[in-house]
Amino acid sequence: MAAVASNSSAQLTQTPARRTGVRDMPWLNAKFVAGSIVILLTLLFGLLGPLFWNTDLAYTASSPLNLPPAWVEGGSPDHPLGTESNGRDMLAQLIVGIPASLKVGVVAASIGMAVGILLGSTAGYVGGWPDHIIRTITDSVITIPSLMVLIAIAAYVSMPDTTAMALILALFAWPGPTRLIRSQVLTLRERGYVRMALLSNVPTLEIMLVEMVPNMLPWLAASLTGGISGAILGETGLEALGLGPTRVPSLGMIINYALNSTALVRGMVWWWLPPIIALVVIFTGFFLMTIGLDEIANPRLRGYSNVK
Amino acid sequence: MKALRSSINHVPITLAIVIATAVAACGGQPAAAPQATQPPAATNTSAAAATSAATAAATPTTAAAANPMDYLNADRADTFMIDQPYKLDTFDNWNPYIPGNAFGWGMSEIGMDDLMYLNYGDGKHIMWMAEKVDSNADDTVWTLHLRKGITWNDGVPFTADDIIYTINLQQKNDKLTNHFYWVQWLKSVEKVDDYTVRYTLNKTNPRFADERISGGLGVFPDVFIPKHIWENVKDPTTFKNYDPSKGLPLGTGPYILAKTTTNETIFVRNDNWWGAKTGFAKLPEPKKVVFKYVGTEEVRTQTAIDNGFDSMQDITVGALQAIINQNSKWHAWYDQKPYAVADPCARIISINSAKKPWDDKDMRNMLSDVMDRKQIVDIAYEGSTTLAAYFWPNYPSMKPYSDLVDPQVEQDMLSPQLAKAEAILKAKGYTKGAKYWSKDGQDLAIQIQVPEDFIELQRIGDVYVEQLQKFGINATEAKLGAVYYTNASTGDYEAQSNWFACGSVNEPWTTLNQFTGAAAPLGQAAKGGPIDNQWRWSNKQYTDIVAQLGVTKETDPKYLDLAKQAITILYNELPAFPAAQSRKIVPFNYTYWTGYPTRDNYYIFPCNWCNLWVVAMTKLSKAQ
């Protein structure tokens, strides 16, 4: 990163008026900051929620059935966001469900990213037959309609908790990062500092992981946030189809139970709408982070049209 | 990166569409309790007439019959629409012997006839293709007398030859339905004349004509096949039996299969149906019957509200409330809770007795003690079924046998016995930690498998898992696809929420017999019933008693005593235990049709996915 930053600064010396602007502090990118705040607040809701609310109410048979929110006639202050047909409190479900969904996204995307770094760096830096093999496999896997395969796998694999779900999603989370990292490595390996390291007999693995990977951090971060969104979307899709864990609530599971219990036609808005709003907020947060990181990594997107 | 951004760009848009669609579909207000109105009275049926199809006979059809295929263009008012909750995956497989066949998409229900049907309402038989069934003094020789004038839908007479051909084919081929039944019971079957069949059994069987009806399966073979078609088939286990242009699948029922897709099957009326021609029954009024899959329960519910269905398969309480709140023409069995008609198959939790620690009867009893069955009724069923502690339905016809259950055992089952459960665990060396009971450093855990497409069983599993968790057993639930059924057979499960003790409706033997036989080895498919059992529970004493019960007449003084002995062992060992009486919420739409079975006119069980549905079709009339 230091190399990229200093490189960029050198090229921008022709426009001194911009030196003190916000755009010269890329990590303060407004979209990235806004997205980070949204995700942070979402995380805090899940992390601090249990301090203020009894999360045991998120489980089946813990509350009265079908209560509307407290502000609607028939509602109860004991269940401010209402309850659903299995006797679960909606507020407690959101407090438990939001971090559970985030966890699946983070675990799946992190595994995908780790595999992507390993394969992408190898393919891009080593080249030759390892590159051919990795590229062929990656290009093949990326064309597979992952949701269909995930549905088939999920139907046969027992998923008692969200970890199993995350591992299944990780099966298809690595080709994207692999491609991205390979293309970045192909350009980075021609840079002077990499050639210098090579001339200094620095081991290949060290060049890849110590010299090159740190210089790809913004791209990796953008890819990771995008990957988290993708994994959460995949998880929600599988769970909404009824293929996820059943006990610990997640956002997709809440939607699945709402669908199975015809919450839509029963007019139980308080059941199906909150998880959708939570997902919209999470996706918006990660989306802002991703485009913010994209701009951080790519000065052209910040308006530096004269950057070569 | 662009692609990444592009794909992420779609996420909020997709969700916005979801929200917009959901808002559009939303009914607005929570569904209120249904009005206690009665469905319109049937105009052409009566309870008395319903008990015997023969007495409900109509004038023989004499008018010139229309070409059945013309009825494909019948309008909505002449069409009967039946809801199907699942997709038809193999729409070109109509061989009743190949697993996954499409027979249940209308062929069993309206394309075929059975010899006789059992009306769960009064426990009486409705003689259909059979005119009479009788036996000798020791029930080893049974004689079936067929009605005259029965024909296949291609005009070929249905005779004793078809019945004998079907049975012989099944008996010779171990891949065909009923093979093991016939091998076990049948010594020979012979034709007396075209309308009379004589069965000679290996041993006395007082329920020969009855036991197969008990599961709603029809008497004798479930599905007869036309000899003049099948005798030219090389391999009956691969023959698809599908070519509507040639009249396949061929049945004797009042409707002919005209068209299939993955979402629907369309049947058209055969005006030359033997039942109407002989004056035995009324020609059904609907010219076309469509079995249709439209999607999730949300979509099914909305379709019903929009009069897209006349009859629905089992739906949830919430869906029913939404339907009757928005379309007053729909009526369930009851207009107030429990809404539902009692289903013949009680819901149970099956335990695999071949897996430790569940091979210990005390541990299985402990699992039953933890179960709060009232909570299951209140939450999993939202109050739409009744509390009971039996492996069989709580029908009046079963009361003499329900009374054989030890009253104390029954009473204990109706409420959780946590102190008893704790005592069992302590005696077995378990100690209670912060969260779970454990032994030798290992938490006591159990996984309960549920079928992913069976919401009722899932909801039972959901509630029971929480009860076990609260008690201190690390219970989890696994929702599985088709592998759920494979696991049941091969023993790859610890516990399952299911209905596999199903069978008895008016005698105890059929359900008790499910638990007999040797325990199939793990990994090897269990054949069920007397061959070996899926619970991997084997008790020789029990098997012997049930075998003796099987050859004893109900009028024999020993009968109740034998039943009591078997029931006592079963409730003591609990290879499975009852979870709830099952129910079916099966509403009917009175917009276009009337004459449905109701609680006041219970002429047949209101099951549009059962063989007996053909009886209801002959009773329907156009709504005025």
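One can find the structure itself at the top, above this paragraph.
In this text, all values refer to a predicted model and were calculated from it rather than measured experimentally. (Residues numbered from 1 in each chain as written. Chains lettered and ligands numbered in written order. Predicted model: local features only at pLDDT ≥ 70, side-chain atom pairs only at ≥ 80, totals over all residues. Heavy atoms only, no water.)

J.: Before we move on, can you summarise the overall build of chain B with the specific residues and values?
T.: For chain B, the count of helices and strands is 21 helices and 26 strands. Looking at chain B as a whole, 57% of its 624 residues are labelled buried. The contacts in chain B between residues at least 6 apart in sequence include a share of 70% that link residues at least 24 apart. Of the roughly 23,400 Å² that chain B leaves accessible, carbon and sulfur atoms contribute 53%. (Helix = DSSP H or I, 4+ residues; strand = E, 2+ residues; numbered from the N terminus. Buried < 20%, exposed > 50% of the residue type's maximum accessible area, 1.4 Å probe, protein only. Contact = heavy atoms within 4.5 Å. Areas by Shrake-Rupley, 256 points an atom, 1.4 Å probe, with all protein chains shown as cover.)

J.: For the nonpolar core, give the residues involved together with the corresponding values.
T.: Counting residues in hydrophobic clusters, the biggest one holds 149 residues, and the most contacted among them are Trp128, Ile163, Tyr199, Met366, Leu367 and Phe391 of chain B. It is helix α20 (residues 558–573) of chain B that contributes the most residues to this core, eight residues altogether. Here this core spans two domains, since at least three of its residues come from each of domain 1 (47–289 + 587–622) and domain 2 (343–583) of chain B. Other than its neighbours up to four places away in sequence, Phe391 of chain B contacts Ala346, Ile348, Ala501, Thr511, Phe515, Leu570, Tyr571, Leu574, Ala576, Phe577 and Pro578 of chain B. Judged by nonpolar contacts, the second largest core, of 31 residues, contains Ile228, Met253, Ile255 and Ala278 of chain A. (Core = buried A, V, L, I, M, F, W, Y, C linked by side-chain atoms within 4.5 Å. Domains from an automatic or database assignment.)

J.: Tell me about the packing of helix α2 (residues 30–52) of chain A against helix α3 (residues 90–126) of chain A, residues and numbers included.
T.: All names here are of chain A. The contact between α2 and α3 brings their axes to 9 Å, and the two run at 125 degrees. In this view, α2 runs oblique relative to α3, as classed from their interaxial angle. The handedness of the crossing between α2 and α3 is left-handed. Across from Thr42, Leu43, Phe45, Gly46, Gly49 and Pro50 in α2, the residues of α3 making contact are Leu91, Leu94, Ile95, Ile98, Pro99 and Leu102. Of the residues in the contact of α2 with α3, the class split is nine nonpolar, three polar and no charged. (Axes fitted to C-alpha atoms, helices over the stretch in contact; angles between N-to-C directions. Parallel < 35°, antiparallel > 145°, perpendicular 65-115°, else oblique. Left-handed = near helix turned anticlockwise from the far one by under 90°. Nonpolar A, V, L, I, M, F, W, Y, C, P; charged D, E, K, R; others polar.)

J.: Give a detailed account of the sheet that holds strand β7 (residues 196–201) of chain B, specifying residues and quantitative values.
T.: Residues and elements named next belong to chain B. Pairing is antiparallel in the open sheet, where four strands are placed in the order β4-β5-β7-β6. Strands with a single pairing partner mark the edges of an open sheet, and in this sheet they are β4 (130–135) and β6 (186–193). The mean inter-strand angle of the sheet, taken between neighbouring strand axes irrespective of direction, is 15 degrees. Bridging between β4 and strand β5 (residues 141–146) involves five bridges; their strand directions are antiparallel. (Pairing = 2+ DSSP bridges.)

J.: Give a description of α20 of chain B that names residues and reports values.
T.: Look at α20 of chain B: 23 Å from first C-alpha to last across 16 residues, which is about the 22 Å you get at 1.5 Å a residue. If you follow the buried residues of α20 of chain B, they end up packed against α11 (361–370), α13 (399–402), α14 (407–413), α18 (509–514), α19 (540–550) and β22 (576–580) of chain B. (Expected span 1.5 Å × (residues − 1).)

J.: Lay out the state of the cysteines in plain terms, naming residues and giving numbers.
T.: What makes a disulfide is a covalent bond joining the sulfur atoms belonging to two cysteines. All names here are of chain B. Under the criterion given, the structure shown has two disulfides over all chains. Here Cys345 is linked by a disulfide to Cys502, with a sulfur-sulfur distance of 1.9 Å. Between Cys345 and Cys502 the sulfur-sulfur dihedral comes to about -45 degrees; the bridge is accordingly left-handed. With Cys345 in the loop between β12 (341–342) and β13 (347–351) and Cys502 in the loop between β19 (495–498) and α18, this pair connects stretches of sequence that are 157 residues apart. Comparing Cys345 with Cys502, the two get one shared label, buried. Each disulfide pairs two cysteine sulfurs, and for Cys607 the partner residue is Cys610, the sulfurs being separated by 1.8 Å. (Disulfide = S-S within 2.5 Å.)

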